[in-house]
Amino acid sequence: MRQYRLNVTRAAFAALAVICLLTMAPAFADTVFKTANLKIETKNGPVTLNVEVADTEIKREHGLMFRRSLPEKAGMIFLFDDEHPISMWMKNTYIPLDMVFIGDDWRIKHIVREAEPLSAEIINSGQPASRVLEIGGGEAAKLGLALGDAVSLQQ
């Protein structure tokens, strides 16, 4: 009898594990990011970055969290449906980031430099935006990014 209960318990745990994996699979699969080239026209000439595209709510929520490094000239572009005030944070993000807020006109509206890793402090766009480019901390200065620079995404 004891062996029977043990087998039933094991079967119940196995079934629960399978159900959990099946229900969570779409969320995990949705955090696989497409990549694209992003071009920024700076006063020193064009800059091209290799970016991951966060174009769904789940992808935008996940973002660059839990990453331990980010190559130079790489990042993530968050695409929103419309222009509005955007708030971000660095919770569960281990690397410093520059956040470049971009408007519907695909021009840089605001730059937040060297956002503090693991901080729950809210980072605001300063004005309505519809896109946010996250790149490694200090990259915006190295690349010469400035307010008003034109941005284009080649998917």
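To be clear, the structure that these remarks concern was listed above.
These lines cover the structure that appears in this document, whether it is placed above or below. Each residue is numbered by its place in its chain's sequence as written, counting from 1. Note on the predicted model: pLDDT of at least 70 is required for a residue's local features to be given, and 80 or more for side-chain atom pairs to be given and counted; whole-chain, interface and lining totals, by contrast, use all residues. Remark: hydrogens and water are excluded; side-chain values derive from all non-hydrogen atoms of the structure.

Observations regarding the sheet that holds strand β3 (residues 74–84)
- Pairing within the open sheet is mixed, and its seven strands lie in the order β6-β5-β8-β3-β2-β1-β9. Either end of the sheet is taken by a strand with one partner, and the two such strands are β6 (108–115) and β9 (150–154). Shown here is a sheet whose adjacent strand axes are inclined to one another by a mean of 30 degrees, direction ignored.
- Relative to β9, strand β1 (residues 34–42) runs antiparallel, the two sharing five bridges. In the sheet register, Lys39 faces β9, and the bridge partner there is Ser152. Strand pairing requires that DSSP identify at least two bridges connecting the strands. Counting from the N terminus, the helices are DSSP H or I runs at least four residues long and the strands are E runs at least two residues long. Inter-axis angles, ranging from 0 to 180 degrees, are taken between N-to-C directions of lines fitted to C-alpha atoms, where helices are fitted over the stretch in contact.

A word on the nonpolar core
- Among the buried residues, those of types Ala, Val, Leu, Ile, Met, Phe, Trp, Tyr and Cys that are joined through side-chain atoms within 4.5 Å form a nonpolar core. Note on classification: 1.4 Å probe, protein chains only; a residue is buried when its accessible area is under 20% of the maximum for its type, exposed when over 50%, partly exposed between these limits. In this structure, Leu38, Leu49, Ile77, Leu133 and Leu145 are the most contacted members of the largest nonpolar core, which totals 20 residues.
- Looking at this core, the elements with two or more residues in it are β1, β2 (45–54), β3, β5 (97–102), β6, β8 (129–136), α3 (139–143) and β9.
- Here the element with the most residues in this core is β2; it accounts for four residues.
- By the convention used here, residues are in contact when the closest approach between their heavy atoms is within 4.5 Å. The contact partners of Leu145, leaving out residues within four places of it in the chain, are Ile40, Thr42, Val100, Ile108, Ile111, Arg113, Ile135 and Ala140.
- Counting 19 residues, the second largest nonpolar core, distinct from the first, contains Phe33, Ala74, Met99 and Ile123.

What to know about the side chain of Thr42
- For Thr42, the position within the fold is in strand β1.
- On the accessibility criterion, Thr42 (9% relative accessible area) is buried.
- In the analysis that follows, any N or O atom pair within 3.5 Å is treated as a polar contact, provided that within protein one partner can donate a hydrogen and the other can accept it, and provided that, for residues neighboring in sequence, both atoms belong to side chains. A polar side-chain atom of Thr42 sits 2.5 Å from the main-chain carbonyl oxygen of Gly45.

Side note on the pairing of β3
- Relative to β3, β2 runs parallel, the two sharing five bridges. Residue Val51 lies in a different strand from β3, and its bridge partner there is Gly75.
- Inspection of the sheet shows β3 paired to β8 by six bridges, in the antiparallel sense. Of the residues in β8, the one forming a bridge with Gly75 is Ile135.

Quick word on the pattern of salt bridges
- The working definition used for a salt bridge is a side-chain nitrogen of Lys or Arg within 4 Å of a carboxyl oxygen of Asp or Glu. Taken as a whole, this structure holds seven salt bridges when the rule is applied.
- A salt bridge links Asp105 to Lys109; the nearest nitrogen and oxygen atoms lie 3.6 Å apart.
- By relative accessible area, which is 44% here, Asp105 ends up partly exposed.
- Across the pair Lys142 and Glu139 runs a salt bridge whose closest N-O atoms are separated by 3.9 Å. Here Glu139 and Lys142 lie together in helix α3, a separation of three residues that amounts to about one turn.
- Using a relative accessible area of 61% as the deciding quantity, one classes Lys142 as exposed.
- We classify Glu139 as buried; its relative accessible area is 6%.

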